[in-house]
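Breakdown of the fold
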Number of protein chains: 2
Amino acid sequence: MITLSERKDLIRAALGEEPLDLRIDNLQIVNVFNSTIEPGAIGIKEGRIVTPYAMDYQAERVLDGGGKFALPGFIDTHVHLDSTLVIPENLSQLLLPRGTTVMLADPMEIANVAGLPGFKALLKSIDKLDYHIFLEVSSRVPTAPGLETTGGELDLQDVTEILTWPQAVSLGELDPSKVLETRDEYLLKVEAAQRLGKICNGHAVGRVGKELVAYACGGLADDHECVDYQEALSRLKLGMAVLVREGSTERNLDLILKGVVSEGTYSQHLMFCTDDKHPDEILEEGHIDFMVNRAIELGLTPMQAIQMATINAAKHFRIEHLVGSLSPGRWADIILAEDINQIVPDQVFFKGRQVVSEGSYCGVLPEPDYPDWLFNTVKLTAGKTKEDFIVSHDQDLADVWVIDLFPDQIINTKTQAQLEVVDGEVQVDPERDIIKLAVVERHGVNGNIGISFVKGFGLKHGALASSIAHDHHNIIVAGADDQDMALCCSVIEEMQGGFVLVSKGEVLGKLSLPIGGLLSEEPVDTIISSLEEINQAYHQIGGTLPAPFMTISFIGLPTVPDLGLTDMGLVDVFDHKLISTFVE
Amino acid sequence: MITLSERKDLIRAALGEEPLDLRIDNLQIVNVFNSTIEPGAIGIKEGRIVTPYAMDYQAERVLDGGGKFALPGFIDTHVHLDSTLVIPENLSQLLLPRGTTVMLADPMEIANVAGLPGFKALLKSIDKLDYHIFLEVSSRVPTAPGLETTGGELDLQDVTEILTWPQAVSLGELDPSKVLETRDEYLLKVEAAQRLGKICNGHAVGRVGKELVAYACGGLADDHECVDYQEALSRLKLGMAVLVREGSTERNLDLILKGVVSEGTYSQHLMFCTDDKHPDEILEEGHIDFMVNRAIELGLTPMQAIQMATINAAKHFRIEHLVGSLSPGRWADIILAEDINQIVPDQVFFKGRQVVSEGSYCGVLPEPDYPDWLFNTVKLTAGKTKEDFIVSHDQDLADVWVIDLFPDQIINTKTQAQLEVVDGEVQVDPERDIIKLAVVERHGVNGNIGISFVKGFGLKHGALASSIAHDHHNIIVAGADDQDMALCCSVIEEMQGGFVLVSKGEVLGKLSLPIGGLLSEEPVDTIISSLEEINQAYHQIGGTLPAPFMTISFIGLPTVPDLGLTDMGLVDVFDHKLISTFVE
C-alpha cells in the first residue's frame, strides 16, 4: 500500500530533510489514538500524515486551519455499495461532504450477477476514488444455493483469492444458518480468512442464547444487525464487536446507544455502519456524521463517538496502520469542523488533497471505465410473452399461497387465498390486492420463471419490475396483467437492467441501471430524480407502497421469512426448501 | 489454527448438541472485552472457550471455581526466549504459576547462530508447550552487517517466509538507525509485514522530536523501550502503542504508570513486556502478574491493568480471535485467583487443561527434541592458543582505547590508557583493572579474533568467557592472562557453548549451554545453581561485577555506545565503523 520511495520521502520529510507537501496550521487535533484534544498542525507528505504536531516543520504549502477541530475521516464499517444505484466513481460527492473517507464494502450484488470478473470490474477504479474502499469479501454468493439461479458465484477458492488482495479486510457477513449447520464450505471460508489475518463479519439478527454462542464460536467477530441495547450487550458479552447500524430502513442507533449511555457500557468495541442507505437520504440526512452527532446528542462524549467512527473501526478491521487516526504514516484523511459537539465537515482532505471546501465536494470525479460485457448482463430466454406468466390449474378455483407484504419491512407473512380459474388459467384479484409476482431468470442460464402471488402492492392494473432482486438479481416483476408483466421484462432487457413501471401496454416510467443491471453511471441527481418520477407514476396508478422498488427488490429473498420467490419457485424460508404455488 | 472438525465440535457443543469437555462453575468472570465482572461458569470444548456464561450447559466434567475470579491468561508482548538460558520446553514451570500463557517472542539469538534452520529447530516443540509462543520475526540478523561475523542470517526472503507462518505476529524490533537511514532492506521488511497483515515492533530508546516522528513514519507500531512517562506519552501521541517493560535490568513500569495514573492517560494502547528477565527473578518476583499487581498498587483499576496484560495486547498483535479474552472460540487459557486487587494465580488452565494447581505447575514438560547439529555450533578455527591473543606493537608504550564498563548497564565509556609493551606485545594492567577483551569467531567461518582492552571486571588474574555475545554470539572472553583466555575458548568448545571461569590454568566454574551455544536442556533449578556457583567463583578471584556473565554477553554489542567489540575488531558505535585498537 506504500511504495519504497513514498516511505523514504515520508521518513525524510519527518526528519526535516525535505519540506512537507502541506502543513495545516492552527488546529485542535482530535487525537483518537491517545484520546486527547490539543492544539496542533498537521504535516502531510505523499498523501500521508507526517505528524499532527508539525508546528516546527517547513512546508511547500501552508493552510490556516482557522482554529478548527481536525478529525480523522469517518469509517462506514459495513455497506453494500451496489445498493446505492450509484457507481463508486460518483459516490464521492455524497460521501465526502459528510466526512466519510472509508467504506468497508461487501459487493455481493455484482458477484451474484457476474462472479469474480464482475467483482474485479466494479473495483477497477478503486485507486482513483476520493475515498477508500476496503473489501468485506462476500461469503455467500449465491445466498441460497440450490434454490436460485445466479449469474455468478464465489466459491471457496474465489473467496480465498480475494481475501489475499491488499484491499480485503474481512470475510463478509456470514449467515447464522450456515454456521449453525456447520457447513464445510462456510467454515472453511472462516478458516481461510483467519489464516490470512482477516476477521470474519457476522450478522445474527434475532439469535439468542445457545445459537448466539454457537455463532460466536464459529469465529464471527461482530454483528451489524443488533436492533436494541440488549441484543448489542449480548454480543459484547461474547466477545463480538457491534457495528451500530443506521441505514435507510434499519434504524438501530438510538435504541442501542441510549443503553450504552445509561449503562456506561465500554464503547471500545462499538462502531458505525449504514449497511444500505439510499443516496437521497445520505444527501439530506447525512452518513456516518449523522450517527456521530446523534450519538453525542444521546450523551456519548464527542471523543467516544468519534472513536467509534474512526479508531475503533480501524483496529477492529486491522487497518489502523492505514486509517482511523491522525498519526504518522496513516493516510491524510482529515475532517475540519468548527464544532466538536455537532460535527459539520467544513473542509475534508483525502490522501492530503482537499476534496471538500465549505461543505461542498470540490474533487474531480474519475471517469468510469466499465467493460462492455458488464453492460450486457440481462439475457432473457423467457419472460417476454404473456404466456410465460400463465399459472395453469385444472379446477374452477385454486387455493394458492400469497406473499403478504409488511410495508417498510422486508419480511412477509405466508397467507393463502382462493382465486378464480378461467380457461385453465388462475386469475389475479386486484380488488383484494392480490396480483402475480414472478422471478424471471435473466443470466442466460435456463430461462426459469418462478410465479406466485403477492398482496400489498395496491396495483389495480399494470406491473412493475426490477433487475435488482436480492440476492440472485434476476428480474422480479409484480403485476395485475400478464401482458404488462411481459412488457416490463422486455423494457428491462432493452435497458439492460433497471426499474420499470407499465400499465395497459404503456411504459409510465423507467430508470436505467445498465451496469450489471444494478448500477447507473448517471450523476447522483439524475438518478434521484428518475427514482422520484417513477415512484410518483406508481402512486398515480393506485400503488400504495412508499418505496415500491426497494420493496420489490427485497421481497423475493429466499432467506427472509416467511416466503421467498426465486426463478425456481416459491421458497419456504424456515424449511429452506421449494414449495408449490398451490396449497396442497 | 483450528481444524474443521474442532470448529464443528465447538459449534455443536455451543448449541448444546454435545456435552462440554469441562465446565468450571462458580466464578466471577473478568470480561476484559466488555469491561465487566459478573458471575459465570466457563464452558470448554476442544481446548477452546465455548462461553464464560455456561451455567445451563451439560458437561462431561465439572469443577467448582470456588467463587474465584477468572481472568484470561497473561501476555508478555516482547521477550527474548533465548536469553533465559532455559529451553522453551522447561520454561512452563516458571511461566504458568505466574499466569503467563502467551509469549510474543523474538528468537533473534538462535537465528544469529544457526539462521532459519536454527529458528525452526527452536520452535519445533511450539505446539507441545503449555503456553503459546507467537513470533516477532527478527528483523535484524545480523544486527551489524559488515561489522561482525554470525553463524546465520535472515535476509528479506527469510523474514518474509517466516512472516507467513501462522505463529508470526509481527516484524520484530527494528532499530531506529535502519529506519532513519531509509535502508531498503529494512523498509522492505516493514512492507512485507504490513502486506501480510502483521504489525511492526519498534524500539526507539532515547529518540525524540523529528527522529521519533520519522521512526513512527517508518511504520513502527510500538515501542518497548520507553523509560519514563514523558517518553511513553510522546509515543502515544504519535499513534504508537507502548509496551511497558519490567525486565531484570530494565525497570520502566513505575515511572511510566505513575504518570498514566496521575494524568488519567488512555490505557487502551498500553501493554506489558519483560524483554529479558532471568529465570531466578521470574521464580522469585514474578512475571506479567508482578506487573499487573504493581500497576494496581500504583492506582490503575484492576480491569485496566488486566486489560493491559490481555486484550490490549491481543488486539495490538491482531490475535484477539485466539487469545486475550474469555470469549467464545478463544483458547481456554484461564487464571483463577482469589483476589482481584492482588492477583496470585491459584489455578491456571492452558487450552482447557489444568497446568497449575494451588499455585504450582502440574503439567508435564515435553521431551526436548533438538537436532544434533544444533549441539555442534561452536566451531573454533582459532583462539585455543595463547598466541592468538597477543596484541603486537613496535614501541615501548602503547596508547589504546579502553571499553570502560558501567556496572549493571550495557552501555560503556570510550576511554584511553597507556600500556607497557614487552617483547613487542602489549601488556594488560590488572592493577589498573585493565585487561584484554577478545571476540573469537566461533561459527567456523573465518577464525577472526578481535581484541581490545576493557576496564571494570576487577580480575587480577584468570579469564572468563561466554558463547552468548549479543547479537553475533561468538565467544567473548575477558582475561588478565592470554593462556587462560585460550583455555576458556577450549573449554567452551568442549562444552559446545556456555560460560566458563578459568584461573592459572585451572577451570574454576562452568555452565554448559550446548543448544546453539545459548541454551541448556537442564532443569531450571540446575541452571540457576550452576550460575550461582560460577558467579561465586568469579567473586572469589577478585571479580567485582554482580552478574559478570550478563555483562560480558552484552558488552561487545556493536550497536550500544560508546564502543563495541566483534570478531572484526573494535567498533565505534556512533560512527558505525571499525576503529583501531590503538589511539592513532
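Coordinates for the structure precede this section.
How each quantity is defined
Residues numbered from 1 in each chain as written. Chains lettered and ligands numbered in written order. Predicted model: local features only at pLDDT ≥ 70, side-chain atom pairs only at ≥ 80, totals over all residues. Heavy atoms only, no water. Helix = DSSP H or I, 4+ residues; strand = E, 2+ residues; numbered from the N terminus. Rg over C-alpha atoms; globule rule 2.2 N^0.38 Å. Buried < 20%, exposed > 50% of the residue type's maximum accessible area, 1.4 Å probe, protein only. Contact = heavy atoms within 4.5 Å. Areas by Shrake-Rupley, 256 points an atom, 1.4 Å probe, with all protein chains shown as cover. Lys, Arg positive; Asp, Glu negative; His and termini not counted. Charge placed at Lys NZ, Arg CZ, Asp CG, Glu CD. Salt bridge = Lys/Arg side-chain N within 4 Å of Asp/Glu carboxyl O. Polar contact = N/O pair within 3.5 Å; in protein donor to acceptor, adjacent residues only side chain to side chain. Least-squares fit on C-alpha atoms with pLDDT ≥ 70 in both. Pairing = 2+ DSSP bridges. Axes fitted to C-alpha atoms, helices over the stretch in contact; angles between N-to-C directions. Parallel < 35°, antiparallel > 145°, perpendicular 65-115°, else oblique. Left-handed = near helix turned anticlockwise from the far one by under 90°. Nonpolar A, V, L, I, M, F, W, Y, C, P; charged D, E, K, R; others polar.

Details of the overall build of chain A
The helix and strand tally for chain A stands at 16 helices and 29 strands. On C-alpha atoms alone, chain A measures out to a radius of gyration of 25 Å, which is about the 25 Å that the 2.2 N^0.38 rule sets for 584 residues. Projected onto its principal axes, the C-alpha positions of chain A cover 90 × 50 × 45 Å. For chain A, with 584 residues in total, the buried portion stands at 65%. In chain A, of all internal contacts separated by at least 6 residues, the share reaching a separation of at least 24 is 69%. Taken as a whole, chain A presents about 18,800 Å² of accessible surface, with 48% of it coming from carbon and sulfur. Distance from the positive charge centre (44 side chains) to the negative charge centre (88 side chains) of chain A: 5 Å.

Details of the interface of chain A and chain B
Listed by partner, the interface residues are 62 residues for chain A and 62 residues for chain B. Linking chain A to chain B there are six salt bridges. In this structure, the salt-bridge partner of E38 of chain B is K237 of chain A, at a minimum N-O distance of 3.4 Å. For the interface between chain A and chain B, the tally reads 25 residue pairs in polar contact (both at pLDDT 80 or more). Listed by contribution, the elements that provide at least two residues to the side of chain A that touches chain B are α1 (4-15), β3 (48-51), α5 (176-180), α6 (184-195), α7 (209-217), α8 (229-237) and α13 (311-316) of chain A.

A look at the relation of the copies chain A and chain B
Overlay of chain A on chain B (RMSD 0.1 Å): rotation 180°, translation along the axis 0.0 Å. The symmetry that links the two subunits is that of a two-fold axis. Taking C-alpha positions as reference, the residue of chain A nearest the rotation axis is G197 of chain A, located at 2.9 Å.

Observations concerning the sheet that holds strand β21 (residues 434-440) of chain A
All names here are of chain A. The strand order across the open sheet built from nine strands is β20-β19-β18-β22-β21-β24-β23-β25-β26, with neighbouring strands paired in mixed fashion. Among the strands making up the open sheet, the edge pair consists of β20 (425-426) and β26 (506-512). With seven bridges joining them, β21 and strand β22 (residues 449-455) adopt antiparallel strand pairing. What sits directly across from K436, in β22, is F453. Across the sheet, helix α14 (residues 482-495) touches β21, β23 (463-466), β24 (475-479), β25 (498-503) and β26, and the angle it forms with β25 is around 145°. Strands in contact with helix α15 (residues 524-540) are β23, β25 and β26; relative to β26, the strand with the most contacts, it is inclined by about 150°.

Quick look at the sheet that holds strand β13 (residues 270-273) of chain A
Residues and elements named next belong to chain A. Spatially, β11-β12-β13 is the arrangement adopted by the three strands of the open sheet, whose pairing is parallel. What marks the edges here is a single partner per strand, and that holds for β11 (222-223) and β13. Pairing between strand β12 (residues 241-245) and β13: four bridges, direction parallel. Paired with R245 across the strands is C273, a residue of β13. Along the sheet, α8 contacts β11, β12 and β13; its crossing angle with β12, the most-contacted strand, is approximately 155°.

A look at the side chain of K315 of chain A
In this fold, K315 of chain A is placed in helix α13. The charged side chain of K315 of chain A is buried without a salt bridge, its nearest counter-charge being E320 of chain A at 5.5 Å. Residue contacts for K315 of chain A: discarding those within four places in its chain leaves E320 of chain A together with H269, K315 and H316 of chain B.

What to know about the packing of helix α4 (residues 156-163) of chain B against helix α6 (residues 184-195) of chain B
When two helices pack together, their arrangement is captured by the angle between the axes and the distance separating the axes. All names here are of chain B. α6 packs onto α4 with a crossing angle of 15° between their chain directions and a minimal axis gap of 10 Å. Between α4 and α6, the angle falls in the class roughly parallel. The handedness of the crossing between α4 and α6 comes out as right-handed. Residues L156, V159, T160 and L163 of α4 form the contact with α6, whose own contacting residues are E185, L188, K189, A192 and A193. Here the contact of α4 with α6 is composed, by residue class, of six nonpolar, one polar and two charged.

Re the environment of A193 of chain B
Residue and element names in this part refer to chain B. With respect to the helices, strands and loops of the structure, A193 is situated in helix α6. Residue classification places A193 among the buried positions, given a relative accessible area of 0%. Spatially, the C-alpha atoms of A193 and V137 are 9.2 Å apart, while their sequence positions differ by 56 residues.

Brief notes about the pattern of salt bridges
Residues and elements named next belong to chain A. Per the stated rule, a full pass over the model turns up 66 salt bridges over all chains. With a shortest N-O distance of 3.3 Å, R195 and E191 are connected by a salt bridge. Here the residue R195 and the residue E191 both occupy positions in helix α6, the gap between them amounting to four residues, near one helical turn. A relative accessible area of 52% means that R195 is categorised as exposed. The partly exposed category is assigned to E191, whose relative accessible area is 23%. Close ionic contact of R294 with E297 constitutes a salt bridge, the shortest N to O distance being 2.7 Å. Taken together, the residues R294 and E297, both in helix α11 (residues 288-298) and three residues apart, mark about one turn of the helix. On the basis of relative accessibility, which here comes to 55%, the residue E297 falls in the exposed class. Linked by salt bridges that have partners in common, R140, E173, D175, K178 and D471 make up one network.

Observations regarding the pairing of strand β3 (residues 48-51) of chain B
Residue and element names in this part refer to chain B. Of the strand pairs in this sheet, strand β2 (residues 36-45) and β3 are connected by three bridges, and their pairing is antiparallel. What sits directly across from I44, in β3, is I49. Where β2 hands over to β3, the hairpin turn is made up of two residues, of which E46 adopts a positive phi near 55°.

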